[in-house]
2 protein chains.
Amino acid sequence: MSSSRPGSPGVQGGVATRGVVWSGSNHAPSPRDGSTQRPRWRRRRRVRALGPDRVRAPLQLRCPLWTLSRGSCSRPGGTGSPANSILSLTSGSVIRTTPSTAPEGTFNPGVRALTTHPAPSGFFSCLSRDGTVYDETKYVWMQGRQVWVYARLYRSVPRFRRPELLEAARAGGEFLLRCARPDPRVPKAAFALLRDGRAAKVQRSVFSECFCALALDELGRATGNACYEAAAREWLEAAERWAREEPNGPGRPPLPGDPPRQALAVPMMLLYSALQLGHGRPDGSAGGRLASLQDWAAQRLRLHLQRGRTAVLEHVSQDGLELPGSLGRLQNPGHAIEAGWMLLLHARARGDMAAADEAIDGFMLGPLDAGWDSPHGGLLAFHDADGLCPTQLEWAMKLWWPHAEALVALLAAFAHRRDPALLRRFEQVAEFTFQRFPDPEHGEWFGYLNRDSSLALSIKGGPFKGCFHVPRALYMCEELLNEILAGP
Amino acid sequence: MSSSRPGSPGVQGGVATRGVVWSGSNHAPSPRDGSTQRPRWRRRRRVRALGPDRVRAPLQLRCPLWTLSRGSCSRPGGTGSPANSILSLTSGSVIRTTPSTAPEGTFNPGVRALTTHPAPSGFFSCLSRDGTVYDETKYVWMQGRQVWVYARLYRSVPRFRRPELLEAARAGGEFLLRCARPDPRVPKAAFALLRDGRAAKVQRSVFSECFCALALDELGRATGNACYEAAAREWLEAAERWAREEPNGPGRPPLPGDPPRQALAVPMMLLYSALQLGHGRPDGSAGGRLASLQDWAAQRLRLHLQRGRTAVLEHVSQDGLELPGSLGRLQNPGHAIEAGWMLLLHARARGDMAAADEAIDGFMLGPLDAGWDSPHGGLLAFHDADGLCPTQLEWAMKLWWPHAEALVALLAAFAHRRDPALLRRFEQVAEFTFQRFPDPEHGEWFGYLNRDSSLALSIKGGPFKGCFHVPRALYMCEELLNEILAGP
């Protein structure tokens, strides 16, 4: 995200929305950790309609640990103080030390004791349902994500301006500077490190590098230390170079049957990183280097909108054509929707209303329609543009992060367009999400549900789930709600 | 497999087993291809007990297309002619051209029209539920597997001694010789090829090479062409060299946090390949080079039996120690059981009864107990030795191949030990397998079920499922049943 306040156009018409409050209970322990038994949820109450002219009830999204709310407010301006806006960091990747009765909005210092350790530092992300560390591998992108979350919250949300949060972010950033590169002379990050920081795995992708760039840039902003920002630029320059010159993956030997292609996540991550590094700086403004990178990445992203602008395809040729076979037909609704809100941010910063509409209609609403799994509800992890069966074994599972991204996207779309239909879609996603993903007993969201929403994996974190999508989404939703409620 | 007749010790005591006959029906089409709707199965009849002294009823395992049976027989010798032993090739990877009413035991020439094509040749493995090709990628290991199946059946099963089968195998083998190596000077096989044979992907593993070796050796035996056998040896030598010298994967740059480790599938594939290439040849006999490789691979495989010989771990250190974290605790019951029957073959060939017992008790029965998913039934794809939640999203899915391997393993164990308890376990696995995996409408087995046995993916073939586990298992079961029924 390039900004903590992505624009504030006014309310443009009649708006009715409702907040929902959910409470989970009775999650029976399963015979195997990760069984299909699920929490049973009980809707506690539905608050009243929120009209365009007067806020008649709190707008509140609540899950037992994570709570995003604005206690009371009225338009314009409102009376709700930031102190009533609650975004509990404690569920980001840490559960055990934070009982669900912890004072909302407080940062529990026990967090650091669990997720960092003194010598090599860094964060664990492999956490069982109750927060126990089940594996000490440190995934570089998870490190970068958690540093970014901590530093951004410290810098942007007054109630998180706590020294221990910044200190944890700094320790994570220093760990990345020390250990992320297996070869200090080459700006290639490892994918996974041992607890002591030795490189255990390197991937042929640019994601670790992008998350190092995001983390260190935000840490630089939070600390005022320019060294971090310089390191961030170096990481982003490496990722950009590989994305442009070796699109199939840095270091991957060329093969005659593997022509250059583009995975949606690559320009998406470059756009997001360039928005972050360029925000409020000269080279992030029109004509600047980072602005050019933003424009290039946005243009590359738009190549994924295919089939008469009705389908976002996960992979396209370098020329922006559909690829043959399963790879070419693959759709990942979560990625498309996540790219959508990034494209919307970029379009609004450029004042390009056509691009904003394309971001909303093409990258959010289209994939939300196509990827929503009726009648089970929720977003499919993958689907095939021709309706064939994907080969990804998890294709019909419901993963936490696409739902987190959809919450952000739909609020961002509403903040821009003020179309009540967008809030209704937001409510649909929020109802599904807050009914099914939060763990009422140990906090945090579950990450992986089966197609029927039964629990597939009980882990709270792992190689792919860490302290990122949930806190980023709730933080952004809070910012967007503040903007919506404050405007026009 | 080293032999089409893995030994024939006699019946050693009272044995009672029952064959089961299953019929599937009413598989409703799903709203999305790959929906969770499943065939409903109906048990047709249970045949009577098979006693040790007189066969009182047919021993028969039947699913709508695949049928493995011995129509009538009596001990010793029996009267069942091979013509009554039915192993229908048509379900191996080919569905569309073979209606379920096709004469059992016939090889349908339409097969080749579907799975091969004239110019570059090779086999498609990406087949939808009805046999339609949904992706033209040719996976090298799938090519090797299909060539092996065709050549082995041609060579060993009289009713499959059909020229068109050998011709298809030869075309597949020639395709591998022409296209499997992206660089003809280096014996590294590609993982995936385009339809025209150009290399699309290379993996840092030895599995493609091992399946090339298996395919070409069997093709050499079927055709009498020594060139194929020489190529097979070259592939196996490359795989052996990498397994010994670069255990973490050929071409993978060393990393300080990635010490040498061993994945169970590597010595398993080397053992299986060395059994294949060494069978009936001087260097496969005691003291020969391939016999030494068999012994080395078997010894390496046994390192995976850990925790007081109670758990087969999927990865161990090169010294045979348990690795830390999730990787170290990971168990794959299918792999353990598959390794079990290979170790049993090897132990019986060496006359090592202690090793045979270890193969049965440690590699088959232990993993079958630990990996059997009560009360849902079926083998888990993965589980954790400490009962924690695995990070593999498909951990609780039921995959076709572990069940196919378990059928082989339990019959092989019974053929060796003649313990009725082994036949009861066989029946348990067979009931689950033939109830749930075969597709009564289009033939062939489904590959991927959810934990509750609902259908997860409707594809019949893909990057990992081809013409191999099902026909190999049924062929081996037929051989083993013949041995059991003929003995002592």
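Residues numbered from 1 in each chain as written. Chains lettered and ligands numbered in written order. Predicted model: local features only at pLDDT ≥ 70, side-chain atom pairs only at ≥ 80, totals over all residues. Heavy atoms only, no water.

**A word on the overall build of chain A**
How we decide: Where helices and strands are cited, they refer to DSSP runs of H or I of at least four residues and of E of at least two residues respectively, numbered from the N terminus. To be clear on the numbers: accessible area is Shrake-Rupley with a 1.4 Å probe, and residue cover counts the displayed protein chains and nothing else.
Helix and strand content of chain A: 13 helices and 18 strands. In the structure as shown, chain A presents an accessible area of about 16300 Å², 52% of it carried by carbon and sulfur atoms.

**Some details on the interface of chain A and chain B**
The test is simple: We call two residues in contact when some of their heavy atoms are within 4.5 Å. The term buried area denotes the loss of accessible surface (1.4 Å probe radius) that occurs when two parts are joined, taken as the sum for both partners. Every case where a carboxyl oxygen of Asp or Glu lies within 4 Å of a side-chain nitrogen of Lys or Arg is listed as a salt bridge. The term polar contact refers here to a pair of N or O atoms within 3.5 Å; inside protein, the definition further demands a hydrogen-donor-capable atom paired with an acceptor-capable atom, and it admits residues adjacent in sequence only when both atoms are side-chain atoms. Each residue gets one of three labels, nonpolar for Ala, Val, Leu, Ile, Met, Phe, Trp, Tyr, Cys and Pro, charged for Asp, Glu, Lys and Arg, and polar for the others, Gly among them.
Each side of the interface is counted separately: chain A has 46 residues, and chain B has 46 residues. Between chain A and chain B, roughly 3500 Å² of surface is buried when both sides are summed, and carbon and sulfur atoms account for 58% of that area. For the pair chain A and chain B, the interface holds zero salt bridges. For the interface between chain A and chain B, the tally reads ten residue pairs in polar contact (both at pLDDT 80 or more). Mapped by element, the contributors of at least two residues to the side of chain A that touches chain B are strand 6 (133–135), strand 9 (199–201), helix 8 (325–329) and strand 18 (455–457) of chain A. Tallying contributions element by element places helix 8 of chain A first for the side of chain A that touches chain B, with four residues. Partitioning the side of chain A that touches chain B into residue classes produces 23 nonpolar, twelve polar and eleven charged.

**So, the environment of Leu-301 of chain B**
All names here are of chain B. Inclusion rule: Buried residues are those whose accessible area, probed at 1.4 Å on protein chains only, stays under 20% of the maximum for their type, while exposed residues exceed 50% and partly exposed ones sit between those limits.
For Leu-301, the position within the fold is in helix 7 (residues 289–302). Taking the relative accessible area as the measure of exposure, Leu-301 reaches 0% and is therefore buried. C-alpha separation for the pair Leu-301 and Thr-132, spaced 169 residues apart in sequence, amounts to 39 Å. Filtering out sequence-adjacent residues up to four positions away, Leu-301 remains in contact with Gln-262, Leu-264, Pro-267, Met-268, Leu-271, Ala-339, Leu-343 and Phe-363.

**Thoughts on the relation of the copies chain A and chain B**
Under the convention used in this document: When the copies are overlaid, the least-squares fit takes in C-alpha atoms only where the residue has pLDDT of at least 70 in both copies.
Under the fitted operation, chain A is carried onto chain B by 0.0 Å of movement along the axis and a turn of 180°, and the coordinates agree to an RMSD of 0.0 Å. What we have between these two chains is a two-fold relation. Proximity to the rotation axis, assessed at the C-alpha, singles out Glu-394 of chain A in chain A; its C-alpha lies 3.4 Å from the axis. Of the residues that chain A buries at the interface, 100% are likewise interface residues in chain B, meaning the two copies contact each other through the same surface.

**Comments concerning the sheet that holds strand 9 of chain A**
Strand pairs in the sheet, formed through backbone hydrogen bonds, run parallel or antiparallel to each other. Residues and elements named next belong to chain A. As a reminder of what qualifies: In short, DSSP must find at least two bridges between two strands for them to pair.
The sheet built from three strands is open, its strands ordered 7-8-9 with antiparallel pairing. Of all strands in the sheet, those bounded by a partner on one side alone are strand 7 (138–139) and strand 9. Of the pairings in the sheet, the one linking strand 8 (residues 192–193) to strand 9 comprises two bridges and is antiparallel in character. Bridge pairing links Leu-193 to Ala-199 in strand 9.

**Comments concerning the packing of helix 10 (residues 353–371) of chain B against helix 12 (residues 420–436) of chain B**
Residues and elements named next belong to chain B. So the rule is basically this: Throughout, an axis means a line fitted to C-alpha atoms (over the contacting stretch in the case of helices), and angles, computed between N-to-C directions, take values from 0 to 180 degrees. Orientation labels follow simple angle bins: below 35 degrees gives roughly parallel, above 145 gives roughly antiparallel, 65 to 115 gives roughly perpendicular, and whatever is left gives oblique. By definition, any crossing whose near helix is turned counterclockwise from its far helix by less than a right angle is left-handed, and any crossing with a clockwise turn is right-handed.
Between helix 10 and helix 12, the shortest axis-to-axis distance is 12 Å and the interhelical angle comes to 45°. Judged by the inter-axis angle, helix 10 sits oblique to helix 12. Between helix 10 and helix 12 lies a crossing of left-handed hand. Of the residues in helix 12, those touching helix 10 at Ile-360, Leu-365, Leu-368 and Asp-369 are Leu-422, Arg-425 and Val-429. For the contact of helix 10 with helix 12, a count of residues per class yields five nonpolar, no polar and two charged.

**Looking at the packing of aromatic side chains**
What counts, and what does not: Each pair of aromatic rings taken from Phe, Tyr and Trp, with Trp reduced to its six-membered ring, is defined by centres within 6.5 Å and is described as stacked if the planes are under 30 degrees apart, edge-to-face if over 60, and tilted in the remaining cases.
Applying the stated criterion across every chain yields a total of 28 aromatic pairs over all chains. Pairing Trp-141 of chain A with Phe-211 of chain A gives two aromatic rings, centres 6.4 Å apart and planes at 75°, and the pair type is edge-to-face. Pair noted here: Trp-141 of chain A is in helix 2 (residues 140–156) and Phe-211 of chain A is in helix 4 (residues 207–223), with a separation of 70 residues, a long-range link. By the burial criterion, Trp-141 of chain A is buried, and Phe-211 of chain A matches it. With centroids separated by 5.5 Å and ring planes inclined at 75°, the aromatic side chains of Phe-123 of chain B and Tyr-150 of chain B adopt a geometry described as edge-to-face. Here Tyr-150 of chain B lies in helix 2 (residues 140–156) and Phe-123 of chain B lies in the loop between helix 1 (110–115) and strand 5 (126–127), a separation of 27 residues in the sequence. As far as the burial class goes, Phe-123 of chain B and Tyr-150 of chain B line up, both buried. What links up through ring pairs into an aromatic cluster is the set Tyr-139, Trp-141, Trp-148, Phe-191, Phe-211, Tyr-272, Trp-341, Phe-464 and Phe-468 of chain A.

**What about the confidence of the model for chain A?**
Residues and elements named next belong to chain A. Rules: Each residue carries a pLDDT score, the predictor's own confidence in it, on a scale running from 0 to 100.
Of the residues in chain A, 75% reach a pLDDT of 70 or more, and the chain-wide mean stands at 80. When the criterion is pLDDT under 50, residues 1–118 qualifies, and its contacts beyond four places in sequence or with other chains add up to 337 contacts. Taken together, the chains of this predicted complex give a pTM of 0.83 and an interface ipTM of 0.82.

**Considering the environment of His-376 of chain B**
Within the secondary structure, His-376 of chain B is located in the loop between helix 10 and strand 15 (383–384). Sequence separation of His-376 of chain B and Ser-453 of chain B is 77 residues, and the distance between their C-alpha atoms is 7.7 Å.

**Some remarks on the nonpolar core**
Which entries qualify depends on this criterion: The term nonpolar core refers to a set of buried residues drawn from Ala, Val, Leu, Ile, Met, Phe, Trp, Tyr and Cys, joined through side-chain atoms within 4.5 Å.
Of all hydrophobic cores here, the largest spans 276 residues; its most connected members are Trp-341, Tyr-448 and Leu-457 of chain A together with Trp-341, Tyr-448 and Leu-457 of chain B. If sequence neighbours within four positions are ignored, Tyr-448 of chain A has contacts with Met-397, Lys-398, Leu-399, Trp-400, Leu-455, Ala-456, Leu-457, Ile-459, Phe-464 and Lys-465 of chain A together with Leu-393 of chain B.

**Regarding the pattern of salt bridges**
For the structure on display, the rule yields 66 salt bridges over all chains. The partner of Arg-417 of chain A in a salt bridge is Asp-361 of chain A, and the shortest N-O contact between them spans 3.0 Å. Note that Arg-417 of chain A is positioned in helix 11 (residues 400–417) and Asp-361 of chain A in helix 10 (residues 353–371), a separation of 56 residues in sequence. Residue Arg-417 of chain A is classed as partly exposed on the basis of its relative accessible area, which comes to 21%. Asp-361 of chain A sits in the partly exposed class, given a relative accessible area of 38%. In this structure, Glu-441 of chain B and Arg-129 of chain B form a salt bridge, with 3.5 Å as the shortest nitrogen-oxygen distance.

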